[in-house]
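Residues per chain are reported as follows:
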Amino acid sequence: MKKIIKQSSKVVPTYDKIHVRFKFNDISFDRDALKELAYSYIKEGEPFEKEIGDFLSDWLDNKDYIFSKTSGSTGKPKILKIKKQSMVNSGIATGDFFDLEPKNSALLCLPAQAISGKMMLVRAMILGLELDAVKPKKSIDINLAKQYDFIALTPMQLYNSLDRVKNIKTIIVGGAPVNSSLLKAIQTLKADVYETYGMTETVSHIAIKKLNNFDSQINKPLFHVLPNISISTDDRSCLVIKVPYLSDEVVITNDVVKVHEENTFEWLGRYDNVINSGGVKLHPEVIESKLQDFISERFFVTSVPDAILGEKLILVIESIDNQIDETVFNVLNKHEKPREIVNISKFSESNSGKVLRKRSLQSMLNKLP
C-alpha cells in the first residue's frame, strides 16, 4: 500500500475554532452551543455521554492542553498532558490520508475518556464532519439506513459487528492486534479496513496498515507512517518515533519492529514480552501468529521462571479445561514449542479488549496452592 499525500496549502485550523460544517447527531454546533451540550451531558447524560461532555468541556476551556490517561495495557497507566494543537495536527494528518472532507459522515462508538474517542471528536470539529455518537459496546448499534464515510473500532467491536458495517466506507481498527480470524472475516467486506499503530503518547495513530481490498497480491502488509513523521530503531530494535507537530523530543517505544524502506515497518512484538529461554530470545507475538489459525479460544504465549532454562515457555488458553492437540505445534521451530499448556477461565483485559497478559498470568499464579 503506497499512498501519495499532497501537501495542503490551506491554513492549518487552530484548536479554538469549530468548523462551520461540523454537526453532532445531525445538529450544527458552534462553540457556545457545544458548551451547552457539554454541560447538559455532564449533568443529565448517560455515562458515555458524560465522558463526551467532560472532554468537550475541557476542549472548550481557555487552556491550550488537555490531560489524557494511557490505557495501562503495557504498564502502569499514566496521565499525559497533551497540547490541543497537537491533536488538531494529528486530526489533519488522518483527514489528509483518508481524504476526509467537510460534510463527510462519521460514527463515534469509542469511549471519549480514551485518546481514540477524543480524536474522533477532534477530527469532526476541525474537519467539519457530521458525527453521530452511540454507546460504546462490544457489538455496535449502527443505523443501517445511513451511510458512513469513516468509523473507528476496536478489533472486538468489528468482529462482533461484521453484519452491520455494510454501510461504512472506511474503517480504522486499533487498540489491540488484529488476529487471523478477524483478518479472514473482513476480506469480503466492501469497506476498506485499516489497522492503526499509535498510542496516547503520539496523539492517536502515526501509521496505517491496509487489511483488505488490495489492488495487488501483498504477502506481508506493512505499517505505512503518516506524512511528516519519521521512524528509526534503538539498540533493542524498538521503534523510535519523531512527530514534529507533537514535540521536539522523540517517542521511544517498547515495540520491536523491522523497518523497511519508504517509512514502513513490520511489528514483531513487545520488548517487555521477549522471552529468554536457555539463551534463545523468543517473541511471543511471532509464535502466536503461527498458532492462531489452529486454536479457537483466546490464548497467549508467555513464560514462568525455570531453574534450568531461566524462563520456561508456556501457552496460556482462555478455557476451563482445554486439551490441545500438540500436533499444532508442528508449525513452530523447536525453540518456539511451549513446554507447558495452562488454562485460565477468564483473561483480564483493557477497555479496548486487549488481553492484559501479566495481570492474567498473575491471577492464575495467585490461585496456585
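In the block above lies the structure referred to throughout.
Computed from a predicted model, the values in this text were never measured in an experiment.

What counts, and where the lines are drawn
Residues numbered from 1 in each chain as written. Predicted model: local features only at pLDDT ≥ 70, side-chain atom pairs only at ≥ 80, totals over all residues. Heavy atoms only, no water. Axes fitted to C-alpha atoms, helices over the stretch in contact; angles between N-to-C directions. Helix = DSSP H or I, 4+ residues; strand = E, 2+ residues; numbered from the N terminus. Parallel < 35°, antiparallel > 145°, perpendicular 65-115°, else oblique. Left-handed = near helix turned anticlockwise from the far one by under 90°. Contact = heavy atoms within 4.5 Å. Nonpolar A, V, L, I, M, F, W, Y, C, P; charged D, E, K, R; others polar. Buried < 20%, exposed > 50% of the residue type's maximum accessible area, 1.4 Å probe, protein only. Pairing = 2+ DSSP bridges. Core = buried A, V, L, I, M, F, W, Y, C linked by side-chain atoms within 4.5 Å.

Just to check I follow, could you spell out the packing of helix α2 (residues 47-59) against helix α4 (residues 115-127) for this structure?
A packed helix pair is summarised by two numbers, namely the angle formed by the two axes and the spacing between the axes. Between α2 and α4, whose axes approach to 11 Å, the crossing angle comes to 55°. Relative to α4, α2 is oriented oblique. Taken as a pair, α2 and α4 cross one another with a handedness that is right-handed. Residues I52, F55, L56 and W59 of α2 lie in contact with α4, whose contacting residues are K118, L121, V122 and M125. Of the residues in the contact of α2 with α4, the class split is 7 nonpolar, no polar and 1 charged.

Would you mind going over the pairing of strand β15 (residues 264-270) with me for this structure?
Consecutive side chains of a regular strand alternate in pointing toward one face of the sheet and then the other. By the criterion of burial, β15 is predominantly enclosed, with 5 of the 7 residues buried. In this sheet, β15 lies alongside strand β14 (residues 251-260) in antiparallel orientation, the contact comprising 6 bridges. Of the residues in β15, the one forming a bridge with H260 is T264. Hairpin connection from β14 to β15: 3 residues lie between these consecutive antiparallel strands, with E262 at a positive phi of about 60°.

Quick question: what am I supposed to make of the nonpolar core here?
Soluble globular proteins: nonpolar side chains tend toward being buried together. By size, the foremost hydrophobic cluster in this structure holds 62 residues, and its most contacted members are F24, I52 and M87. Looking at which element gives the most residues to this core, the answer is α4, with 9 residues.

What's the story with the environment of T188 in this structure? I'm lost.
Take T188: it is sitting in the loop between α6 (180-185) and β9 (192-199). The class for T188 is exposed, based on a relative accessible area of 72%. C-alpha of T188 to C-alpha of N213: the two residues are 25 residues apart in sequence and 8.3 Å apart in space.

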